[in-house]
Number of protein chains: 4
Amino acid sequence: MPDFPEFDAAVADAAQGYLDETGLGSFLGFKTIEVGPGRMRCGLEVRPDLLNPFGMMHGGVISALVDHVLGAVCYPVVPRGTWGATTEFKLNFVAPVRSGTVVATAEILSMTRRTAIVRIDVTNDDQLVALAQGTVTLKPPKA
Amino acid sequence: MPDFPEFDAAVADAAQGYLDETGLGSFLGFKTIEVGPGRMRCGLEVRPDLLNPFGMMHGGVISALVDHVLGAVCYPVVPRGTWGATTEFKLNFVAPVRSGTVVATAEILSMTRRTAIVRIDVTNDDQLVALAQGTVTLKPPKA
Amino acid sequence: MPDFPEFDAAVADAAQGYLDETGLGSFLGFKTIEVGPGRMRCGLEVRPDLLNPFGMMHGGVISALVDHVLGAVCYPVVPRGTWGATTEFKLNFVAPVRSGTVVATAEILSMTRRTAIVRIDVTNDDQLVALAQGTVTLKPPKA
Amino acid sequence: MPDFPEFDAAVADAAQGYLDETGLGSFLGFKTIEVGPGRMRCGLEVRPDLLNPFGMMHGGVISALVDHVLGAVCYPVVPRGTWGATTEFKLNFVAPVRSGTVVATAEILSMTRRTAIVRIDVTNDDQLVALAQGTVTLKPPKA
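Residues numbered from 1 in each chain as written. Chains lettered and ligands numbered in written order. Predicted model: local features only at pLDDT ≥ 70, side-chain atom pairs only at ≥ 80, totals over all residues.

Q: Mind showing me how you'd approach the overall build of chain A here?
A: Regarding its fold elements, chain A presents three helices and six strands. Ordering the α and β elements of chain A from the N terminus gives α-α-β-β-α-β-β-β-β. Computed over the C-alpha atoms, the radius of gyration of chain A is 15 Å, within 12% of the 15 Å expected from 2.2 N^0.38 for a compact globule of 143 residues. The principal-axis extents of the C-alpha atoms in chain A amount to approximately 50 × 25 × 25 Å. Sequence-distant contacts, at least 24 apart, represent 64% of the contacts inside chain A between residues at least 6 apart. (Helix = DSSP H or I, 4+ residues; strand = E, 2+ residues; numbered from the N terminus. Rg over C-alpha atoms; globule rule 2.2 N^0.38 Å. Contact = placed C-beta atoms within 7 Å.)

Q: Honestly, the environment of Leu24(C) in this entry has me stumped. Any pointers?
A: Secondary-structure assignment places Leu24(C) in helix H2 (residues 23–28). Taking the C-alpha atoms as reference points, Leu24(C) and Pro141(C), 117 residues apart in sequence, are found 26 Å from one another. Leu24(C) has contacts with Ala64(C), Asp49(D), Leu50(D), Leu51(D), Asn52(D), His58(D), Gly60(D) and Val61(D), leaving out every residue within four places of it along the chain.

Q: Honestly, the interface of chain A and chain B in this entry has me stumped. Any pointers?
A: Interfaces are often described in size by the accessible area the parts lose on coming together. Contact with chain A, which involves 29 residues of that partner, is made by 29 residues of chain B. The pairing of strand E3 (residues 83–93) of chain A with strand E3 (residues 83–93) of chain B spans five bridges and is classified as antiparallel. Residue pairing in the sheet places Glu88(A) in a bridge with Asn92(B) of E3(B). (Pairing = 2+ DSSP bridges.)

Q: Would you mind going over the sheet that holds strand E2 (residues 39–45) of chain A with me for this structure?
A: Either a parallel or an antiparallel arrangement is found when strands of a sheet pair, and the pairing is made through backbone hydrogen bonds. The strand order across the open sheet built from twelve strands is E1(A)-E2(A)-E4(A)-E5(A)-E6(A)-E3(A)-E3(B)-E6(B)-E5(B)-E4(B)-E2(B)-E1(B), with neighbouring strands paired in antiparallel fashion. Lying at the two open borders of the sheet, with one neighbouring strand each, are strand E1 (31–36) of chain A together with strand E1 (31–36) of chain B. Across the sheet, the axes of successive neighbouring strands diverge by a mean angle of 20 degrees, strand direction being ignored. The pairing of E3(A) with strand E6 (residues 127–139) of chain A spans ten bridges and is antiparallel. Looking at the pairing, Lys90(A) lines up with Gln133(A) of E6(A). (Axes fitted to C-alpha atoms, helices over the stretch in contact; angles between N-to-C directions.)

Q: What is the right way to look at the relation of the copies chain A and chain B in this model?
A: When chain A is fitted to chain B, the best match, at an RMSD of 0.0 Å, comes from turning it 180 degrees and sliding it 0.0 Å along the axis. With respect to symmetry, the two chain copies, as superposed, fit the operation of a two-fold axis. If distances are taken from each C-alpha of chain A to the rotation axis, the shortest is found for Lys90(A), at 2.1 Å. Taken as a fraction of all interface residues of chain A, those also at the interface in chain B reach 100%, which identifies the copy contact as same-surface. (Least-squares fit on C-alpha atoms with pLDDT ≥ 70 in both.)

Q: Looking at this structure, how should I read the packing of helix H3 (residues 59–72) of chain C against helix H3 (residues 59–72) of chain D?
A: The relative placement of two packed helices is expressed as an angle between their axes plus a distance between the axes. Where H3(C) meets H3(D), the closest approach of the two axes is 7 Å, and the angle between their N-to-C directions is 150 degrees. As the angle between them shows, H3(C) and H3(D) are arranged roughly antiparallel. You can see that H3(C) and H3(D) cross each other, and the crossing is right-handed. Judged by residue contacts, Gly59(C), Gly60(C), Val61(C), Ser63(C), Ala64(C), Leu65(C), Asp67(C) and His68(C) of H3(C) engage Gly59(D), Gly60(D), Val61(D), Ser63(D), Ala64(D), Leu65(D), Asp67(D) and His68(D) from H3(D). Residues that form the contact of H3(C) with H3(D) fall into these classes: six nonpolar, eight polar and two charged. (Parallel < 35°, antiparallel > 145°, perpendicular 65-115°, else oblique. Left-handed = near helix turned anticlockwise from the far one by under 90°. Nonpolar A, V, L, I, M, F, W, Y, C, P; charged D, E, K, R; others polar.)

Q: Help me understand the sheet that holds strand E6 (residues 127–139) of chain C, please; the structure alone is not making it clear to me.
A: If you walk across this open sheet you meet the twelve strands as E1(C)-E2(C)-E4(C)-E5(C)-E6(C)-E3(C)-E3(D)-E6(D)-E5(D)-E4(D)-E2(D)-E1(D), and the pairing is antiparallel. Among the strands making up the open sheet, the edge pair consists of strand E1 (31–36) of chain C together with strand E1 (31–36) of chain D. Neighbour-to-neighbour, the strand axes of the sheet open up by a mean angle of 20 degrees, direction not taken into account. Here strand E2 (residues 39–45) of chain C pairs with strand E4 (residues 101–111) of chain C via seven bridges, running antiparallel. Looking at the pairing, Met40(C) lines up with Ala106(C) of E4(C).

Q: Help me out: how do you make sense of the confidence of the model for chain A in this one?
A: Interpretation of this model should avoid reading the predicted coordinates in detail wherever pLDDT is low. Chain-level pLDDT for chain A is 95 on average; 100% of the residues reach the 70-or-more range. Here the predicted complex scores 0.96 on pTM and 0.95 on ipTM. (pLDDT = per-residue confidence, 0-100.)

Q: I tried to follow the pairing of strand E6 (residues 127–139) of chain B on my own but got confused; where do I start?
A: Regular strands place side chains that alternate from one sheet face to the opposite one. Residue and element names in this part refer to chain B. The pairing of strand E5 (residues 115–124) with E6 spans ten bridges and is antiparallel. For Thr 115, the partnering residue across the bridge sits in E6 and is Thr 137. Where E5 folds back onto E6 in an antiparallel hairpin, the turn is made up of two residues, including Asp 125, whose phi is positive at roughly 50 degrees.

Q: I tried to follow the environment of Thr112(D) on my own but got confused; where do I start?
A: Residues and elements named next belong to chain D. As for its position among the elements, Thr 112 is in the loop between strand E4 (101–111) and strand E5 (115–124). Classification of Thr 112 by C-beta neighbours within 10 Å gives exposed; the count is 11. For Thr 112 and Thr 137, which are 25 residues apart along the polypeptide, the C-alpha to C-alpha distance reads 9.6 Å. (Buried ≥ 20, exposed ≤ 12 C-beta atoms within 10 Å, placed from the backbone.)

Q: Just checking my understanding: could you explain the environment of Arg39(D) for this structure?
A: Residue and element names in this part refer to chain D. Its location among the elements puts Arg 39 in strand E2 (residues 39–45). A C-alpha to C-alpha distance of 18 Å links Arg 39 and Arg 80, two positions 41 residues apart in sequence. If we ignore the near neighbours within four places in the chain, the residues touching Arg 39 are Val 73, Ala 106 and Glu 107.

Q: Before we go on, may I ask you to explain unusual backbone geometry in this structure?
A: Note: most peptide bonds trans; most residues except glycine with negative phi. Residue and element names in this part refer to chain A. Despite not being glycine, Asp 126 shows a phi value in the positive range, around 75 degrees. When you line up the elements, Asp 126 lands in the loop between strand E5 (115–124) and E6. Under the C-beta neighbour-count criterion, Asp 126 is labelled exposed, with 7 such atoms within 10 Å.

Q: So what exactly am I meant to see when it comes to helix H3 (residues 59–72) of chain B here?
A: Because the α-helix completes a turn every 3.6 residues, residues three or four places apart line up on one side. Given a rise of 1.5 Å per residue, 14 residues ought to cover 20 Å, and the 20 Å separating the end C-alpha atoms of H3(B) matches this to within 8%. Across the 14 residues that make up H3(B), a large majority, 14, are buried. (Expected span 1.5 Å × (residues − 1).)

Right under this line is the structure:
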């Protein structure tokens, strides 16, 4: 795992507010648990609105949570003014989720000026339920 | 593209109801547009609840829509009683979405008794915004 | 599929030589079949050197062929001097290969100045054996 | 990471021979370095036959090595007689390789009777050059 000399604790602190209280984060109920250098955890409680027709948590919710932490983990470790766009990810589901809390943990495995590669593990009450890997394309601010 | 002699129009007709009116489909606002043999289209209107902190549609919503059609396209073409689980997918985002309607079109490219491979194209007012490919693992009913 | 006004037939013609007669292309035996605007086909004959311990074509050979056409399809359609790097891809295997010829067909589905998204279908004597999707990152030449 | 009570040291010991000395492993020059419970390392030296037209190691070689360890890591930890097929994987390239040795390390992150999910890290003289994640579908022996 790379070092993150650019880690900005103020950006990390601010993240909880704007991620949890606006748009999709607020609507689905994402709760930021931890934001550190190159690492972020975010959780979500299972509830009826988030189920599939078979009564299990819809895979789309886990996908959305993965996409969310994949991009968000980058902001505190890039120069201010950098624009980050999630350009792709891949996700394996390994177990169904029926109740409790789902937590996604993102870790940046590789970062250059223009690209971050991130892996995400998703657990449900400590059981592994999904594994993902994706790319965030970074656009540094103009000088 | 394979043939789908198992296509069950009654299951396809029923799909719109149970997919659009329950759980996550209802909560996010997925609207089933078309369900045919090995093919399905589903749409969603952009609205404030579905945005990211930058005012664009959150990638997680597109991910959720992709996951939704990836699994759902299989039901009308498998023997009744088959259980299908989306086991993995991969998604590339190619353009941001700011307004209008997002439509995901899923096509089954390969299907055996135990596995379907599906590709999904996502458009926003006819512009391509995402491309995906994934696997549904099928569990045939017991004899 | 996008238009490719930049298609350069001279680059396409030259591709067969440098791809088939140097390095890994020559060593594995890749044969370029067709290079067109946003589209490329490349084949390979099954032989003992390319098998796995079970006597089937090693998935790694199909992976290598996919990686090969994914990058190569871009050269004739980008401005001369552009550097292209395959940054990621995803591959599903759908059937084993035992004999005959394997052909990979790459198509560019989306292309901007900096990124191309490509899908690849792999067939073995007209049966589908693998499906892939990946990204080529483009670095335009300096002015 | 799961436990691997089924780990069979005799299968692990035999792996080096049949993987390194037959078919593609022998042809490309894969060298098994370590086979443990749920973990495997395999290396390869850069040489002219493995380059792309730009003089760097062809991404297809790294893809082939990833595919190789992804399947091979499973054999010592499944019941004898189990058939394992790599059904899909996803790979991110993070740095080019010009010389030296490339080493792929595979770890099984999740394993059920029918499916293993594996992550692979690839290094070149201790620098990370690629990250992958994939699925092996397992077919248990008939009773």
